[in-house]
Amino acid sequence: MRDRATVTAPPVSGIGTSPPRPDGILKVKGAFAYASDLWADGMLWGATLRSPHPRARILSVDIGAALATPGVEAVLTHADVPGRNLYGLEATDTPVLAEGEVRYHGEPVAIVAADHPETARRAAARIAVAYDVLDPVVTEAQALAPDAPTVNPFHPGNVVARQPVRCGDPDDAAVRARAAVVVRGRYALGMQDQAPLGPEAALAVPGEDGGIDLYVATQWLHVDQRQLAPVLGLPEDKVRLTLGGIGGAFGAREDLTLQAHVCLLALHTGKPVKMVYGREESFLGHVHRHPATLDYEHAADRDGKLVSVKARIVLDGGAYASTTSAVVGNAAVLGVGPYEVPHVALESIGLVTNNPPCGAMRGFGAVQACFAYESQMDRVAAELGLHPVEFRQRNALAEGGATPTGQVLDSPAPVAEILGIVRDLPMPVDAQPRDTGELPGGYAFSTRGEGVRRGVGYSVGVKNIAFSQGFDDYSTARVRLELVAGEPLATVHTAAAEVGQGGVTVWTQIARTELGLDAVVLETADTRVGSAGSTSASRQTYVSGGAVRDACRLVRAELLARAGLPADAVLAGGLVTAADGTVLGGIADALARVGESIERTTEFRHRATFPLDPVTGQGNAVVQYSFCAHRAVVDVDVELGLVKVVELAAAQDVGRAMNPQAIAGQVQGGGLQGMGLALTEEIVVREGHVVNGSFTDYLIPTIADAPAMPVVLLEYPDPHAPYGLRGVGEAPTVSAAPAVVAAIRAATGLPLVRIPLRPEDLVAPAEVP
């Protein structure tokens, strides 16, 4: 194992420090301008009519009563789309407005623009749609039946993607003979929602050139632009996007939601139009985490070494493709976990059904697989009589090891170490007497301590960083250095969406480090600069950080050259210093010598990845892996089925801690989101209908539910990444839920094979059908 990084003292607010977020105080005070706060003089308000049925033919649409409503200026259906009535991230298979058939509960059918939001909503309700209601396809058995109706004509057979992974031969007689323990299990996860507190919102303003200016809460400005232009019948340069303030994302904003609708209304009326979803519409209007059913078989020898893993992972993608093929690929690549297994036969499948569409959510295929394989690892450890951490450590991947796809890890992989760290952390000690609110059930006073048992559980997960499998993954950054009132100022411009992850802080930290000055400003993200890709896959610090670094270095090199200074001079503290430490002057003096601002734009690409073989699943598909381990300590009232998570401790290798405080927050936030998946968060879908689209019935953990969350950060630099950093944000969500469930199993002795857990599961657990 490599030595941990030794980090030299950074600038006061450069990389390695934790300067305050520039938007932090505004957000705490409620003064930050979110996309839902956008306003324009004379603007109209948009509303959407959505299907009440998960599957039905549209027989007729009568918009007369809606158009006659005073204050209404437009009512549009698919016939009013000037360009292509289809869009999509990976497959162009999703109607802008339903045409001929609706395929899920909540699919948009028509849109309205009016002078008041309530008028728009009332008018939408007056649109009369005649439906021929059909039986929905909502289960795996229904979707894959030989006589199954085709849910979406772009996906015959109701399968979006299928990815096998094969290495060795798990069915070879010699391999089977080595297995002292064979454990089989079936597991399931419900449909989790990203549940961002900020709803979908946008303002579209028609341009004098016939184009459109869209101010929107999104995760990827340029992919929105690419999808919108064909829909609007405009060239891309006339579809201009600017990032609006975002109140959380977690994948919910990767797909188009209201972007096309608000632009269509604005272009049709010639007036600015604003749309903001209510909470129920938000649950219907964006994609969710794929629910999954997973069948696993693990075999291990008497020495506690894994011999083989066989698995089948079925992910329900709902009515449209979104990112299902990529989620299927991730589940396949990561389906065995951070373990060395010589013999693997795995298949990952993405279905099309009449359930709500599913796509990106934090963890992106790895979350579903981790719950199953970590549940299996606990069971095998118990069969062998080994501590769950020891068994994992015996099989842990390490640098130089190979994954089931044949990819050799060529950067640190301290899986065994982070497991040991969380195991060895001090156990939480309860204050005596205990506050009743700290017991299961909390301040509902459901219990006074009787029937409460404590359990401890462990988990470790792996997540790929950045886009994989041959995707051209890059980011663009523009940096300008100039004199303003005699002082040097650096301006950084990227299209990277700030969704809460802290890019607005990190980009300026990088510029301060590279250019040696404190005065750095960040321009609003928009499409005037090249694409930065999506704020997802834990990629932005890696890829956009690399682009900002490289643009700064181009600016620095030109400054030194044009000012007649040595190429190896250092910029720090506002000064230019020679390699031997001699101060050569100020940065301001050098810029004055140049006589003008210096601006450079560059693209950064990580090293190449490659598609998986469609038959064997072999290939170097991933640029970087991220590992996180959790230990959960829970109290369970075994009589009432109530759970209190007492502590959720994490250890994670971050390569280089660019902003330690922000990273700790990401680890804790990701852990809490995983805890929510384990215990409370599920969109309940019955025969294709969403029945709990509100924060009253869809329960996310609150601050009252948050346990103690100690975080240990390791810094083993990745030699292939900018500054040695490693993506952070997703891995904690991957490993948190299995640890919580493992702790509850330890307290109750129950198998617990489906999440989220409900109180009745802790009293009379059911198997996955």
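Up top is the structure.
So, how was this worked out
Residues numbered from 1 in each chain as written. Predicted model: local features only at pLDDT ≥ 70, side-chain atom pairs only at ≥ 80, totals over all residues. Heavy atoms only, no water. Helix = DSSP H or I, 4+ residues; strand = E, 2+ residues; numbered from the N terminus. Rg over C-alpha atoms; globule rule 2.2 N^0.38 Å. Buried < 20%, exposed > 50% of the residue type's maximum accessible area, 1.4 Å probe, protein only. Areas by Shrake-Rupley, 256 points an atom, 1.4 Å probe, with all protein chains shown as cover. Lys, Arg positive; Asp, Glu negative; His and termini not counted. Charge placed at Lys NZ, Arg CZ, Asp CG, Glu CD. Pairing = 2+ DSSP bridges. Axes fitted to C-alpha atoms, helices over the stretch in contact; angles between N-to-C directions. Phe/Tyr/Trp six-rings, centres within 6.5 Å; stacked < 30°, edge-to-face > 60°. Lys NZ or Arg CZ within 6 Å of the ring centre and 35° of its normal.

On to the overall build of the protein, then. When helices and strands are counted, the protein shows 17 helices and 31 strands. Computed over the C-alpha atoms, the radius of gyration of the protein is 27 Å, within 12% of the 27 Å expected from 2.2 N^0.38 for a compact globule of 769 residues. For the protein, the C-alpha atoms occupy an extent of roughly 80 × 75 × 60 Å along the three principal directions. Relative to its full complement of 769 residues, the protein shows a buried share of 60%. Surface summary for the protein: the accessible area is close to 27,800 Å², and the carbon and sulfur share equals 53%. Distance between charge centres in the protein, computed from 62 positive and 86 negative side chains, equals 2 Å.

Moving on, we come to the pairing of strand β15 (residues 292–300). Summarising burial for β15: seven of the nine residues are buried, a large majority. In this sheet, β15 lies alongside strand β10 (residues 181–189) in antiparallel orientation, the contact comprising nine bridges. Across the sheet, Val181 pairs through a bridge with Ala300, a residue of β15. By the bridge criterion, nine bridges tie β15 to strand β16 (residues 306–316) in an arrangement that is antiparallel. For Ala299, the partnering residue across the bridge sits in β16 and is Ser308.

Across the sheet, which stays open at both edges, the three strands sit in the order β22-β23-β24 with antiparallel pairing between neighbours. In this open sheet, the two strands that pair with only one neighbour each are β22 (570–572) and β24 (583–586). Ignoring strand direction, the axes of neighbouring strands in this sheet form an average angle of 25°. Relative to β24, strand β23 (residues 575–577) is paired through three bridges, and the arrangement is antiparallel. If you follow Leu575 over to β24, its bridge partner there is Gly586.

Strand order in the open sheet formed by three strands is β6-β2-β8, with antiparallel pairing between adjacent strands. The open sheet is flanked by β6 (101–102) and β8 (128–133), the only strands paired with a single partner. Looking at chain direction, strand β2 (residues 56–62) and β8 are connected through six bridges and run antiparallel. Among the inter-strand pairings, Val61 is bridged to a residue of β8, identified as Val129.

This paragraph deals with the packing of aromatic side chains. Within a pair of aromatic rings, the relevant descriptors are the distance that separates the centres and the angle that separates the planes. All told, the structure shown has 11 aromatic pairs when counted by the stated rule. Where Tyr339 meets Tyr373, the ring centres are 6.3 Å apart and the plane angle is 90°; that geometry is what we call edge-to-face. Of this pair, Tyr339 sits in the loop between α9 (324–333) and β17 (343–351) while Tyr373 sits in helix α10 (residues 366–384), and the two are 34 residues apart along the sequence. Just as Tyr339 is buried, Tyr373 falls in that class too. An aromatic cluster is built from Trp220, Phe467 and Phe471, whose rings are joined through pairwise contacts. Above the face of the Tyr723 ring, Arg549 is positioned so that its terminal group lies 5.9 Å from the ring centre.

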